[in-house]
Amino acid sequence: MISVGLTGWGDHDSLYLTKEAVKQKLPVYSSLFPVVEVDSSFYAIQSKHNMEKWTAETPEHFRFLVKAYQGMTGHTRGKIPYDSEEEMFRNFRLSISTMEEADKLQAALFQFPPWFDCTRENVRTLRRVRQLMGEVPCALEFRHQSWFTPQMRDKTLGFMREENWIHSVCDEPQAGIGSVPIVEEATHPELTVVRMHGRNESGWNASGQPNWREIRYLYRYNEQELSEWAERLRRLEQQSRQVCVIFNNNSAGDAADNARQLMAMLGQQVPAIPQEQPPEAEQIDLFDL
């Protein structure tokens, strides 16, 4: 089974064309897509109240891919607001427990930073993270090429299988050491994650520019690129029971259109986006003078 969704549900204006839809974004989103990536959890571990609300607002079949808090993946440069690593992980697991109990948690997504390279110390970090997460399904995404050099590719994939990591396959610009190639291989029989970051090479390494967050994911996949991915996804579907595809190329609002385009290519139903109904024309009584 292949599920297609987007990163977040708040910033996709093309999906919310009615006043009611603007007020009820998650319920509308969950009527159009079967899965979403929760990215707000990267910036702060979300309250159990938020998680309960989001779980309640979505249909039974809906799933959440929850991005791990930045302190858990080594992105945080400053002080982490927890007394210990154990407390931080405990709070994150508590926040996702509602989705787990409702069978709406697709996985926790651990995206490690571009400076997280393939070293013994970082391998130990990955083992430690997997230990702290217990039985929670966890997807792993690298941003440093050293994990997938010709010498390390098979060793990395083998390690992920041994440690029960779900592979997060990336489509992203090939822009130096801080990006990874497409590695079309599953590491878990239940799930493979695919994240579509776009191919904006110039914007990928523009973190020193003031507008880098606006341009990094500025990209619209063309029909040929999506067609190639449809074939890859069908092959990945032969390796794991579920394939979860997340479009993250939304700097210019392209993610939703690309996701719906891919769904159509895969032969999936593409639900209609709710539209404002035109006002009924007033009937004129010919005899009302």
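Residues numbered from 1 in each chain as written. Predicted model: local features only at pLDDT ≥ 70, side-chain atom pairs only at ≥ 80, totals over all residues. Heavy atoms only, no water.

1. Remarks on the sheet that holds strand S4 (residues 105-111)
Strands in a sheet are paired, the pairing made by backbone hydrogen bonds, and the direction either parallel or antiparallel.
Right, so step 1: Strands sit in the order S1-S2-S3-S4-S5-S6-S7-S8 around a closed barrel of 8 strands; the barrel is parallel. Along the sheet, successive strands turn relative to each other by an average axial angle of 25°, direction set aside.
Right, so step 2: Of the pairings in the sheet, the one linking strand S6 (residues 165-171) to strand S7 (residues 191-196) comprises 4 bridges and is parallel in character. By the bridge assignment, Ser 168 is partnered in S7 with Val 193.
Right, so step 3: Packed on one face of the sheet, helix H11 (residues 255-265) meets strand S1 (2-7) and strand S8 (242-247) and runs near 175° to S1. (Pairing = 2+ DSSP bridges. Helix = DSSP H or I, 4+ residues; strand = E, 2+ residues; numbered from the N terminus. Axes fitted to C-alpha atoms, helices over the stretch in contact; angles between N-to-C directions. Contact = heavy atoms within 4.5 Å.)

2. Quick look at the pairing of strand S2 (residues 35-38)
Right, so step 1: Of the two faces of S2, the one carrying Val 35 and Glu 37 and the one carrying Val 36 and Val 38 are both buried.
Right, so step 2: In this sheet, S2 lies alongside S1 in parallel orientation, the contact comprising 2 bridges. Bridge pairing links Thr 7 to Glu 37 in S2.
Right, so step 3: The pairing of S2 with strand S3 (residues 63-67) spans 4 bridges and is classified as parallel. Residue pairing for S3: Val 36 is matched across the bridge by Phe 64. (Buried < 20%, exposed > 50% of the residue type's maximum accessible area, 1.4 Å probe, protein only.)

3. Here's the deal with the environment of Pro 114
Right, so step 1: Along the chain, the position of Pro 114 falls in the loop between S4 and helix H6 (120-133).
Right, so step 2: Linking Pro 114 and Ser 84, residues 30 residues apart in sequence, is a C-alpha distance of 24 Å.
Right, so step 3: With sequence-adjacent residues up to four places away left out, Pro 114 is seen in contact with Arg 143, His 144 and Gly 178.

4. Topic: helix H2 (residues 25-32)
Right, so step 1: Listing the buried residues of H2 in full gives Leu 26, Val 28, Tyr 29, Ser 30 and Leu 32.
Right, so step 2: Of the surrounding elements, those touching the buried residues of H2 are S1, helix H1 (19-23), S2, helix H4 (48-56) and H11.

5. A word on the packing of helix H10 (residues 223-237) against H11
For any two helices packed against each other, one specifies the crossing angle of their axes together with the interaxial distance.
Right, so step 1: With their axes 10 Å apart at the nearest point, H10 and H11 run at an angle of 55° to one another. One finds that H10 runs oblique with respect to H11. In the crossing of H10 with H11, the sense of the turn from one axis to the other is right-handed. Contacts between H10 and H11 involve Glu 223, Leu 226, Ser 227, Ala 230, Leu 233 and Arg 234 from the former and Asn 258, Gln 261, Leu 262 and Met 265 from the latter.
Right, so step 2: Of the residues in the contact of H10 with H11, the class split is 5 nonpolar, 3 polar and 2 charged. (Parallel < 35°, antiparallel > 145°, perpendicular 65-115°, else oblique. Left-handed = near helix turned anticlockwise from the far one by under 90°. Nonpolar A, V, L, I, M, F, W, Y, C, P; charged D, E, K, R; others polar.)

6. A short note on H4
Right, so step 1: Burial in H4 covers these residues: Met 51, Trp 54 and Thr 55. Buried residues of H4, viewed axially, fall in a sector of 100°; they line one side. Of the exposed residues in H4, those oriented more than 90 degrees away from the buried face are His 49 and Ala 56. (Arc of directions from axis to C-beta.)

7. Topic: the state of the cysteines
Right, so step 1: Throughout the structure, instances matching the rule amount to 0 disulfides.
Right, so step 2: The thiol of Cys 138 is not disulfide-bonded; the next cysteine sulfur, from Cys 244, is found 14 Å away.
Right, so step 3: The cysteine Cys 244 is free of any disulfide, with Cys 170 supplying the nearest cysteine sulfur at 13 Å. (Disulfide = S-S within 2.5 Å.)

8. Quick look at the pattern of salt bridges
Two side chains bearing opposite charge may form a pair once their charged atoms approach each other closely.
Right, so step 1: Enumeration according to the criterion identifies 21 salt bridges in this entry.
Right, so step 2: Arg 220 is the salt-bridge partner of Asp 254, the closest N and O atoms lying 2.6 Å from each other. You can see Asp 254 sitting in the loop between S8 and H11 and its partner Arg 220 sitting in the loop between helix H9 (212-215) and H10, a full 34 residues away along the chain.
Right, so step 3: Its relative accessible area of 44% is what places Arg 220 among the partly exposed residues.
Right, so step 4: Of the charged contacts in the structure, one is a salt bridge between Glu 231 and Arg 234, with a shortest N-O distance of 2.9 Å. Remark: Arg 234 and Glu 231 occur in helix H10; sequence separation between them is 3 residues, near one turn of the helix.
Right, so step 5: Classification of Arg 234 as partly exposed rests on a relative accessible area of 31%.
Right, so step 6: Residues participating in the shared-partner salt-bridge network are Glu 37, Glu 141, Arg 143, Glu 172 and Arg 195. (Salt bridge = Lys/Arg side-chain N within 4 Å of Asp/Glu carboxyl O.)

9. Considering the environment of Gly 176
Right, so step 1: Tracing the backbone through its elements, the reader meets Gly 176 in the loop between S6 and S7.
Right, so step 2: In this structure Gly 176 comes out as partly exposed when scored by relative accessible area, which is 36%.

10. Structural notes on the nonpolar core
Right, so step 1: Of all hydrophobic cores here, the largest spans 71 residues; its most connected members are Phe 110, Met 133, Val 245 and Phe 247.
Right, so step 2: Excluding residues that lie within four positions of it along the chain, Met 133 makes contacts with Met 72, Phe 89, Phe 92, Arg 93, Ile 96, Ala 108, Phe 110 and Cys 138.
Right, so step 3: Among the nonpolar cores identified, the runner-up in size contains 10 residues, and Val 35, Leu 65, Ala 139 and Ile 246 belong to it. (Core = buried A, V, L, I, M, F, W, Y, C linked by side-chain atoms within 4.5 Å.)

Shape is all these values report; function is a separate question.
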